[in-house]
Amino acid sequence: MKLKNFFSAAAIVASAALAASSANAFPKFTVDATAYGGSSFEADKITGGYNEGITFNSGSTFDLSLLVNFGQFFNGATQLLGTGINNDYQLYATFTGSGTYSTAGAATSFSLNPGGSLAVWLDPNLDTTFAAPATALPWGITPGTSDVLIATGQAIIGNGSLTCSGSNNCGSFGQTTSFTLTDPAGTSFFTVPNPFYDMAITTGQFNGFPIVVGGSQLLNGSADTVFQRVPEPGTLALIGLAALGLGVGTRRRAS
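Predicted, not measured: the structure shown is a model, and the values here were computed from it.

Thresholds applied
- Residues numbered from 1 in each chain as written.
- Predicted model: local features only at pLDDT ≥ 70, side-chain atom pairs only at ≥ 80, totals over all residues.
- Heavy atoms only, no water.
- Helix = DSSP H or I, 4+ residues; strand = E, 2+ residues; numbered from the N terminus.
- Buried < 20%, exposed > 50% of the residue type's maximum accessible area, 1.4 Å probe, protein only.
- Contact = heavy atoms within 4.5 Å.
- Areas by Shrake-Rupley, 256 points an atom, 1.4 Å probe, with all protein chains shown as cover.
- Pairing = 2+ DSSP bridges.
- Axes fitted to C-alpha atoms, helices over the stretch in contact; angles between N-to-C directions.
- Core = buried A, V, L, I, M, F, W, Y, C linked by side-chain atoms within 4.5 Å.
- Phe/Tyr/Trp six-rings, centres within 6.5 Å; stacked < 30°, edge-to-face > 60°.
- Lys NZ or Arg CZ within 6 Å of the ring centre and 35° of its normal.

Trainee: A description of the overall build of the chain should follow, citing residues and the corresponding values.
Mentor: In terms of helices and strands, the chain carries 2 helices and 16 strands. Burial statistics for the chain: of 255 residues in total, 51% are counted as buried. Pairs at least 24 residues apart make up 71% of the contacts formed inside the chain by residues separated by at least 6 positions. If you sum the accessible surface of the chain, you get close to 10500 Å²; carbon and sulfur atoms cover 56% of it.

Listed below in structure tokens is the structure:
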């Protein structure tokens, strides 16, 4: 299954970790995609869509597997054209992790455990294929012959909220991961700043679904990603909560 028609989210994302910047202004970075047929440009956000498999192991724990396809780069409110993404090359990411959840009334709250595994890949030939998992086990991925790993990381904190079990767009999340570029593939693609940012902050949204203990769900939705240095101690919890709140506030339809 070729996953090239993902949602594109243009909503502005914010979090408490970005308080040092002006409102709706995020740390900028430079991408050099000329080696892959694209261009060199400055951006402050990457938008795209994701597919997720989640399995509820018990009444309080879950495992998940995410596949993210990045669709656009933004600088402020402006979508950047001519970057080459999804025309000359593709960026995708996988994440596997686990967490806990609890339900009160019609609302279910999710908390991601620290750890897990994030991998960000560049597909220069647009020939990687994906197979959805039957459960929350990792996605089946057949990389193209020239795919390169450009970054790795682990979850630091993550929060989510679900307020319905139907198809309404009533789920959102905020997740913060460590972010380490590979050398030379990653550092030659994300060229500025050097060293690069320590964290990736992602917010997203999804449609409602029923929670069945021992069951699995396949979801999809939209996601925005920005980057940040590690903040002062004690503010990480605020990052997840603020990102979650903005995810709710910028909710769009997910099918």
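That covers the picture; the talk isn't over yet.
Trainee: So what about the sheet that holds strand E1 (residues 29-32)? Which residues, and what values?
Mentor: Read from one edge to the other, the open sheet built from 3 strands follows the order E2-E1-E14, with strand pairing classed as antiparallel. Each having just a single partner strand, strand E2 (40-43) and strand E14 (190-192) make up the two edges of the open sheet. Here the average twist between neighbouring strands, direction ignored, is 35 degrees. Bridging between E1 and E2 involves 4 bridges; their strand directions are antiparallel. Paired with Thr-30 across the two strands is Glu-42, which belongs to E2.

Trainee: Tell me what's going on with the nonpolar core, and back it up with residues and numbers.
Mentor: Grouped together as the largest cluster of nonpolar side chains are 46 residues, with contacts concentrated most on Phe-29, Phe-73, Tyr-89, Leu-91, Phe-179, Phe-189 and Phe-190. No other element matches strand E4 (residues 61-75), which puts 6 residues into this core.

Trainee: Just give me the short version of the environment of Ala-131, but keep the residues and values in it.
Mentor: Topologically, Ala-131 is positioned in strand E9 (residues 129-131). The sequence separation of Ala-131 and Ile-141 amounts to 10 residues, and the corresponding C-alpha distance is 6.3 Å. In this structure, Ala-131 is in contact with Trp-139 and Gly-140, ignoring residues within four places of it in sequence.

Trainee: Give me the packing of aromatic side chains: which residues, what numbers.
Mentor: Counted according to the given criterion, the structure contains 23 aromatic pairs. Measuring from ring centre to ring centre gives 6.2 Å for Phe-206 and Phe-209, while their planes differ by 45 degrees; the resulting arrangement is tilted. Assessed through its relative accessible area of 6%, Phe-206 is described here as buried. In textbook terms, an aromatic cluster arises when at least three aromatic residues are bridged by ring pairs, as seen for Phe-29, Tyr-36, Tyr-89, Phe-179, Phe-189, Phe-190, Phe-196, Tyr-197 and Phe-227. For the cation-ring pair, Lys-45 lies above Phe-74, with the distance from its terminal atom to the ring centre recorded as 5.0 Å.

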